[in-house]
Amino acid sequence: MTTLASGYDPKSFESRLYQQWEASGAFTPQGDGPAYTILLPPPNVTGTLHMGHAFQHTLQDALIRYHRMRGYRTLWQMGTDHAGIATEMVVSRNLAIEGKGETRDSLGREKFIEKVWEWKQHSGDTIERQMRRLGASGDWSRSVFTMDPMASEAITEAFVRLFDAGLIYRGQRLVNWDPVLKTAISDLEVVSEEENGHLWSIRYPLADGATFEYVEHDADGNEVLREVRDYVVVATTRPETLLGDTAVMVHPEDPRYRGLHGKAVRLPLTDRCIPVITDDYVDRAFGTGVVKVTPAHDFNDYAVGQRHGLPLRNVFTDDARIVAATDIPARYHGLDRFEARKAIVADLEAAGLLVEIKPHKLQVPRGDRSGQVIEPFLTDQWFVKMDDLARRGLELVESGEVKFVPANWINTYRHWLENIQDWTISRQLWWGHRIPAWFDDSGNAYVGRNEAEVRARHGLGDAPLRQDPDVLETWFSSAMFPFSTQGWPDEGRMAERGFDQHLPSNVLVTGFDIIFFWVARMIMMTDRLVGRVPFRDVYITGLVRDKDGQKMSKSKGNILDPLDIIDGISADALVAKRTTGLMQPKMAEKIEKATRKEFPDGINPHGADALRFTMAALAGPGRDIKFDLARAEGYKNFCNKLWNATRFALMHVGDASFDGVPQPKTDAEKWILAQLANTCAQAEEHFASYRFDLLAQCLYEFTWNQVCDWFLELAKPALSGDDAQAAQSTRHTLAYVLESLLRLLHPLIPFITEELWQAVAPRLGKSGSIMTQPYPRPGALDTAAFAQAEADIEWLKAMVSAVRRIRSELGVSPARQVALLVRGESTGDAARLARFDAQLRFLCKLEQIEAITGEPPAAAPAVVGELQLFVPLEGLVDLAAERARLDKEIAKVAAEKDKSASKLAKFGPGVPAAVVEQERQRLADWSTKLAALTEQRARLG
């Protein structure tokens, strides 16, 4: 007989089981069933497992395990992203820590990339190891790193084909520029938060001695000011950029500035004159209504500049210092942008051109990696033309070839594609896929798969060529992930990896925050280059926040590490983790205080299963997920309950073994088998609709309420009774239901279900691993004939609950026998009382069950349907004390009833109907309760 440890201890088996699973090869596609594929959104190779990963990976693994058990040939395609910026930062930081004086620039490109590969070899698989701890059953043998040769070949091929099709071009445009990392970055890598700043109002004199009549009116249209001016006042939050102004702008219908149309102003601190233009873009209510236009340093100004044909004047170097241009005063040359701001403001004040400085809150864009203020910067970059691709991408979703779940996320997708800009795909980094373009000495660019191909295609002979030093942005590489992981474009590798079976994949599980940056681009690129959609469904998850709904971040000090929840962590270690490496070290004290208050004893180990079940339970269709550790504690108790229930079942089943489906002898068996069939149907429905929250809820209720709380109790009379057939049948049903339950739960909580299944399965002639067993289906059991038994057991449960509630309220010892009087039973009730007499006596500790017609003696009442139940109080309670208690309760309820009636009487016609109805319901409830208490008090004399 297989025995289980006396207590649930996930540390004793989780790692052991995972090693067995992986070593067995069970994660690779198995069998000849239909393919079911999920593409893992590749985490950064520099990353570690965070709560968002734990959430999404749990859901993906649940789907994979479910379909594996359904007989599908499952592939969870694993992989990691080379994370260009993050990886360069990590390796550069490591070089500084080594203290040998080596830097990225001192090493040079080739040596630095060698250092990156060394780091990748030793530290780049951290997150994959951590995913294993969570139970991820992906095919690690097929894991693809985006810099692997196979993936790299696909990226180069994609670039060349898109270029040849006229969809990739090189041009000069504004990009988000990180002046510390000296590279363009994507919108997703820019974090804009409100910060305290200033609004500087600057006088721009009119050129050539011009003047205009300035007229101002109040809100009612009354004239409040009329004067002749030879200047305009411009408000700006970035005075250093005025050096790049190429116009000032007013609204064409602003009456204050009609006299300015067609005039020019002299740019302060320079010798340049710039025109006054009109554009509807101007917000007349903001500042003075006059706006400076700096097309080379503001995205909105760039659009204005394009409309009006304004020149682009770049005033910054790539590290955000003022350029040494001839039309910029020499005293500013080489100044850092913020030093230049101070100097320019001082010079404006000295020249009498600074009107005022006001405090102003503004959105400041910072790079999420460097924390530095991002500059809109004019550079030569490679772009993908998006208009036609976007139209096609939208068509694929609106036609239903790709489906969003929940469906409302199509609106986010549509909004972005309908307002799309060309995609900047080049980055000024060394780590990444180097752009396959070569330049000749004249600056002409030639694109090809390699230099030899470029020379051959363009007849360049031995002409000097240099490859573009830039790399492709990571999102470009990731956009090809659906097919770069499946061997494309090499037909041999495609056949070997099952390209046709795994593309399109079945579902992509990802967050709403990367619908634009990844989901849409995968759809467009896969369609364009392969002629397929990358996936059929896109299941969009919310973002995991803390229990108060705050975003988890290092700066807030509220990050939870999934591994700390799984394995536990001391308070001191948790504080150290949260306060080390802060960008604002002064926050450490506040973070430590909050952490020690919330986790005075640290975090207890919960095991991977409890965390996984919590994640599934929280996976509703909303935008945000509030993670409360108390939920994980509750689901740890759930795992413990399952463990103890299995130990109970094994103790009663003993060494008996059974074949096939049970042929139930008792109503309790028929009831639980019907509940099992119903739960199987619900599970199938919830998996199909991606409602993991409802799946977790129905499995929790079936496990805790129906199996553990009721069936184990209802089985006890048969297991300990004299009917040998009923006892043996109950043992079979108990083993069958428990084994089925473990399979139902396995996709969500794989470790504990495997460990328990190994103990239960031999009793049913099963062996191997639970993960390769069939998932329970509703059609496996014919429960149509069990309807009467279901109704009878529900009646029995109501009876037992009613009597137990009375016993609990009276504080009667669990071991003490009591009498039960019943009145008003129908023919059906009488038959059930006779049929379940033994079970009622056993489960409720009854010494007798007696039917009465008259008034009962002093008794505690209950009602089940039309049947009245009474437990005589004589000898159970102090009647005098009970009378006093009831009198006190009656007085309290009567007061509440009178208060409600008085409130209703005072309501006037203006009180909302809903409020009146709510108070009427309260009065009815108090009246009902008072009547019941009064009747109960009358019985006590």
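Described below are features of the structure shown in this document.

Definitions and cut-offs
- Residues numbered from 1 in each chain as written.
- Predicted model: local features only at pLDDT ≥ 70, side-chain atom pairs only at ≥ 80, totals over all residues.
- Heavy atoms only, no water.
- Helix = DSSP H or I, 4+ residues; strand = E, 2+ residues; numbered from the N terminus.
- Buried < 20%, exposed > 50% of the residue type's maximum accessible area, 1.4 Å probe, protein only.
- Contact = heavy atoms within 4.5 Å.
- Areas by Shrake-Rupley, 256 points an atom, 1.4 Å probe, with all protein chains shown as cover.
- Lys, Arg positive; Asp, Glu negative; His and termini not counted.
- Charge placed at Lys NZ, Arg CZ, Asp CG, Glu CD.
- Phe/Tyr/Trp six-rings, centres within 6.5 Å; stacked < 30°, edge-to-face > 60°.
- Lys NZ or Arg CZ within 6 Å of the ring centre and 35° of its normal.
- Pairing = 2+ DSSP bridges.
- Axes fitted to C-alpha atoms, helices over the stretch in contact; angles between N-to-C directions.
- Salt bridge = Lys/Arg side-chain N within 4 Å of Asp/Glu carboxyl O.
- Patch = residues over 30% accessible without salt bridge, like charges linked within 9 Å, V, L, I, M, F, W, Y side chains within 5 Å.
- Expected span 1.5 Å × (residues − 1).
- Polar contact = N/O pair within 3.5 Å; in protein donor to acceptor, adjacent residues only side chain to side chain.
- Core = buried A, V, L, I, M, F, W, Y, C linked by side-chain atoms within 4.5 Å.

**Remarks on the overall build of the protein**
Argument step 1. When helices and strands are counted, the protein shows 31 helices and 30 strands.
Argument step 2. Its C-alpha atoms give the protein principal-axis dimensions of about 110 × 80 × 55 Å.
Argument step 3. Burial status across the protein gives 53% buried among its 941 residues.
Argument step 4. Residue pairs at least 24 apart in sequence account for 78% of intrachain contacts in the protein once pairs closer than 6 positions are excluded.
Argument step 5. Surface summary for the protein: the accessible area is close to 41,200 Å², and the carbon and sulfur share equals 48%.
Argument step 6. Looking at the protein, you have 111 positive and 129 negative side-chain charges, and the mean spots of the two groups are 3 Å apart.

**Focus on unusual backbone geometry**
Argument step 1. Following Trp488, the chain continues to Pro489 via a peptide bond in cis, the omega torsion being 10°.
Argument step 2. Relative to the elements of secondary structure, Pro489 occurs in the loop between helix H14 (481-484) and helix H15 (491-497).
Argument step 3. We note that Tyr690 has phi near 60°; this positive angle belongs to a residue other than glycine.

**Structural notes on the packing of aromatic side chains**
Argument step 1. One pass over the structure, following the stated rule, counts 38 aromatic pairs.
Argument step 2. Considering the side-chain rings of Trp117 and Trp431, the 5.2 Å spacing of their centres and the 80° angle between planes classify their relative orientation as edge-to-face. With Trp117 in helix H5 (residues 109-123) and Trp431 in the loop between strand E18 (426-427) and strand E19 (437-439), the pair connects residues that are 314 residues apart, well separated along the chain.
Argument step 3. Residue class for Trp431 comes out buried when judged on its relative accessible area of 2%.
Argument step 4. Linked through ring pairs, Tyr66, Tyr539, Phe687, Tyr690, Phe692 and Tyr775 together constitute an aromatic cluster.
Argument step 5. Over the ring of Phe842 we find Lys845; its NZ or CZ atom is 6.0 Å from the centre of that ring.

**Re the sheet that holds strand E29 (residues 859-864)**
Backbone-to-backbone hydrogen bonds join strands into a sheet, with any given pair of strands oriented parallel or antiparallel.
Argument step 1. Taking strand neighbours across the sheet as the criterion, the four strands line up as E28-E27-E30-E29 in an open arrangement whose pairing is mixed. Edge positions in the sheet fall to strand E28 (846-852) and E29, since each of these pairs with one other strand and no more. Ignoring strand direction, the axes of neighbouring strands in this sheet form an average angle of 25°.
Argument step 2. Pairing of strand E27 (residues 818-823) with strand E30 (residues 867-872) involves three bridges; the strand directions are antiparallel. Across the sheet, the residue bridging to Leu821 is Phe870, located in E30.
Argument step 3. Seen against the sheet, helix H27 (residues 787-810) touches E27, E28, E29 and E30 and runs at an angle of roughly 155° to E29.

**A word on the environment of Lys641**
Argument step 1. Structurally, Lys641 is set in helix H22 (residues 629-653).
Argument step 2. The partly exposed category is assigned to Lys641, whose relative accessible area is 24%.
Argument step 3. In the structure, Lys641 is positioned 62 residues away from Thr703 in sequence and 8.8 Å away in space, judged by C-alpha atoms.

**Here we look at the sheet that holds strand E13 (residues 291-293)**
Argument step 1. The sheet built from four strands is open, its strands ordered E11-E12-E10-E13 with mixed pairing. In this open sheet, the two strands that pair with only one neighbour each are strand E11 (264-266) and E13. With direction set aside, neighbouring strand axes in the sheet form an average angle of 35°.
Argument step 2. Of the strand pairs in this sheet, strand E10 (residues 247-250) and E13 are connected by three bridges, and their pairing is antiparallel. Note on E13: the bridge partner recorded for Ala247 is Val293.

**Here we look at the pattern of salt bridges**
Argument step 1. Enumeration over the complete set of coordinates arrives at 63 salt bridges.
Argument step 2. Across the pair Asp548 and Lys547 runs a salt bridge, and its minimum N-O distance is 3.5 Å.
Argument step 3. With relative accessibility at 52%, the residue Asp548 sits in the exposed group.
Argument step 4. Residue Lys547 is classed as partly exposed on the basis of its relative accessible area, which comes to 38%.
Argument step 5. One salt-bridge network, in which partners are shared between bridges, spans Glu157, Arg161, Asp164, Arg449, Glu453 and Arg457.

**Quick look at a negative patch on the surface**
Argument step 1. Judged by side-chain charge, Glu98, Glu110, Glu114 and Glu118 come together as a negatively charged surface patch.
Argument step 2. Looking at the element boundaries, Glu110 is found in helix H5.
Argument step 3. By relative accessible area, which is 66% here, Glu110 ends up exposed.

**Examining helix H25 (residues 724-745)**
Argument step 1. With 22 residues, H25 should cover 32 Å at 1.5 Å per step; its first-to-last C-alpha distance of 31 Å lies within 8% of that length.
Argument step 2. Among the residues of H25, the N-terminal cap falls to Asp723, whose side-chain oxygen and the backbone nitrogen of Gln725 are separated by 3.1 Å.

**Some words on the nonpolar core**
Inside soluble globular proteins, nonpolar side chains tend to come together where they are buried.
Argument step 1. Counting residues in hydrophobic clusters, the biggest one holds 150 residues, and the most contacted among them are Phe627, Phe692, Leu840 and Leu869.
Argument step 2. Sort the elements by how many residues they give to this core and helix H24 (residues 692-719) lands first, with 14 residues.
Argument step 3. Contact partners of Leu869, with chain neighbours within four places excluded, come to Met799, Ala802, Val803, Leu820, Leu821, Val822, Ala860, Pro861, Ala862 and Val864.
Argument step 4. Listed in part, the 63 residues of the second largest apolar core include Ala154, Ile420, Trp475 and Leu508.

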